[in-house]
Amino acid sequence: MPVSVLNDAQWSALHQAIAPLNGNQLTWVSGYLAGLAHGHQPQVAQAAGTAPAGRLTILYGSQTGNAKGVATEYKAFAEAAGLSVELLNMADFKSKRLKEETHLVIVVSTHGEGEAPDDAAELHEFLASKKAPKLSQLKYAVLGLGDSSYEFFCQTAKDFDERLAALGAVRLADRVDCDVDYDGHVATWREGLTELLKDELKSASQGQVVPMPGLSLASQQVSQFNKKNPFTAELLASQKITGRDSVKDIRHIEISLEGSGLHYQAGDALGVWFSNDPKLAEELLSSLNLNGDVPVQVGDELLALREALVDKFELTQSYPTFVKGYAELVKNASLLSLTEDKGALRDYLAKHQIVDIVKAYPGKIDEQQFASLLRPITPRLYSIASSQSEVEDEVHLTVGLVEYEKDGQIRQGGASGFLASRLEEGQTVKVFVEANDNFKLPADPNTPVIMVGPGTGIAPFRAFMQEREAQEAEGKNWLFFGNPNFTQDFLYQVEWQRWVKEGLLNKVSLAFSRDQAEKIYVQHRLLEQGKEVFAWLQQGAHLYVCGDANHMAKDVHDALLKIISAEGGLTAEQAETYLNDLRKAKRYQRDVY
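Residues numbered from 1 in each chain as written. Predicted model: local features only at pLDDT ≥ 70, side-chain atom pairs only at ≥ 80, totals over all residues. Heavy atoms only, no water.

### Description of the environment of E234
Heads up, the rule is: Counting from the N terminus, the helices are the DSSP runs of H or I reaching at least four residues and the strands are the DSSP runs of E reaching at least two. Any residue under 20% of the maximum accessible area for its type is buried, any over 50% is exposed, and the rest in between are partly exposed; the area is computed with a 1.4 Å probe on protein chains only. Every residue pair with non-hydrogen atoms within 4.5 Å of one another is taken to be in contact.
Along the polypeptide, E234 turns up in strand β7 (residues 231-240). With a relative accessible area of 37%, E234 lands in the partly exposed category. Remark: the alpha-carbon pair of E234 and Q427, spanning 193 residues in sequence, is separated by 5.7 Å. The contact partners of E234, leaving out residues within four places of it in the chain, are E254, I255, S256, G426, Q427 and T428.

Structure (structure tokens):
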């Protein structure tokens, strides 16, 4: 379309109209305008209505952003192949629409003990209920993301696949269960699936967004940097914020985003790419009697094994595929027998890094064989501990150093050791922003907020408070925080005290577990304050939980059920419904790991 079609006044009006939009909104508007250009009537309320014939619907359920990223990339891939595609978060998809869908792709992760992501929970429950309709008109495909180190690997994807099939839907392709190194599997899956869909569907419309003179739609709102193209950022500060006698080493990290164009909201995460400790790489080479200078194939690259161990491979997190492959190569019967007991293997992996395994079960293996057993490094996601309204071109993290002794050797976590021990101020780290749509402050700044975040789980709530302060929010704020000792472990104590003094933080409930004979945790404080917690919920408060998924989050959930049951006069089943309704209304949000 020639740019002369629009006069100066029209360019100006269009520019003003799109200036406040974010990347997702711009993408939607571009499709909306393309539809108008081809004579299609706009369907603004499409998410609540029915899907047009010939359209592929992609639904994603994502806890950390990976499934959302895969789904978003697949939408672009499918559209480039000429398909008409609608992409939706499962939380925004009306379950009654299922009986109108003809072609559906589901991309979903699994967390915890086979649990669905928060944004997928409602649809997951609906498909298992008696309300789910027969879906004989539906053709579908499911892609699962997970971690084979966990017992319930890709369980949510398996659930969706089985339930859709049981309702009469027909598989377009077999389900694919992806491990943490999923890029290659996803590429193969999407190419094969798209070929099938091209035979099934015809694009409902074709459109193209034309660049405007003096204006780039993407560059104004969306940074070029992402997980696959991270920004090389400078470390500004790394400060220990626990006391000298603390049992924990927790760091406050400040990173510069200047020149990146990266933007984040309170509740988002920062992805951090890291390098392994060179000393750990040398210990592995020595233990296996391998030559670090020997080149090995790593994907499409040929690298010296030593370099690959430092920069390319996951060394600090162990996983079943490595143990099984290594045991078979070195023909170790006792290690092979361990792989046959999933529970015992899971417990073993939690306490042993790769180097510990090869030391405990020595054997002969060559350089390429070893490299082929190892997973690629995956970035770690940290809840952002700052608001850009306060820190502008910076991003802050609260990082707990994972460190322990094993057989006389100090072992550290990969990313936490890199950030806390090996990276010095002024050096660089590769980062990207991972949006978390499931952990956001209320749109109305007058809404009360309850924040439950022990340990490093306090990070996003520091961001929340900075943002509420910048908004001049009138809504009440209540923090539940816990750690071992008051004198050693009250993270950001001065800031929380200032917010109390200034009236921004209305209540603080602290649980320092080791300051008395009986262990006290945040769930105990919740129960003690149950009457007022329930009153806040009845007043419309949003409740947030951040931190450990295995114990704390479950204990807090159980405490909330007890509070709701006791204070609301509800049965256990009714209390579950109450809490589920809060979750569906995005008033009960969790960022757990």
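### Section: the sheet that holds strand β21 (residues 588-592)
Using the following cut-off: Criterion used throughout: strands pair if DSSP finds at least two bridges between them. Orientation is described by axes fitted as lines to C-alpha atoms, over the contacting stretch for helices, and by angles from 0 to 180 degrees between their N-to-C directions.
Strand order in the open sheet made by the 5 strands is β19-β18-β17-β20-β21, with parallel pairing throughout. A strand with exactly one partner marks an edge of an open sheet, and here the two such strands are β19 (507-512) and β21. With direction set aside, neighbouring strand axes in the sheet form an average angle of 10°. Summarising the sheet, strand β17 (residues 449-452) and strand β20 (residues 542-547) pair through 4 bridges and their orientation is parallel. When the sheet's bridge partners are listed, I450 is paired in β20 with L543. Of the strands in this sheet, β17, β18 (477-483), β19 and β20 are in contact with helix α21 (residues 530-538), which crosses β18 at around 140°. Across the sheet, helix α22 (residues 552-568) touches β17, β20 and β21, and the angle it forms with β20 is around 155°.

### Section: the packing of aromatic side chains
Stated formally: Ring geometry is summarised as follows: Phe, Tyr and Trp rings, the Trp one being its six-membered ring, pair when their centres sit within 6.5 Å, and such pairs are stacked at plane angles under 30 degrees, edge-to-face over 60 and tilted between the two. Criterion for a charge above a ring: Arg CZ or Lys NZ at most 6 Å from the ring centre, at most 35 degrees from the ring normal.
Counted under the stated rule, the structure contains 20 aromatic pairs. Pairwise contacts between aromatic rings join Y319, F322, Y326 and F370 into one cluster. Seen from the ring of Y492, R462 lies directly overhead, with NZ or CZ sitting 4.7 Å from the centre. Cation over ring: K507 sits above W478, and NZ or CZ is 4.9 Å from the ring centre.

### Observations regarding the pairing of strand β16 (residues 428-434)
Most of β16 sits inside the fold, with 5 of its 7 residues counted as buried. Bridge count for β7 against β16 is 4 bridges, and the pairing is antiparallel. In the strand pairing of β16, A233 is matched with V429. Sheet topology note: the strand β9 (residues 269-273)/β16 ladder contains 5 bridges and is antiparallel. Across the sheet, the residue bridging to G271 is F432, located in β16.

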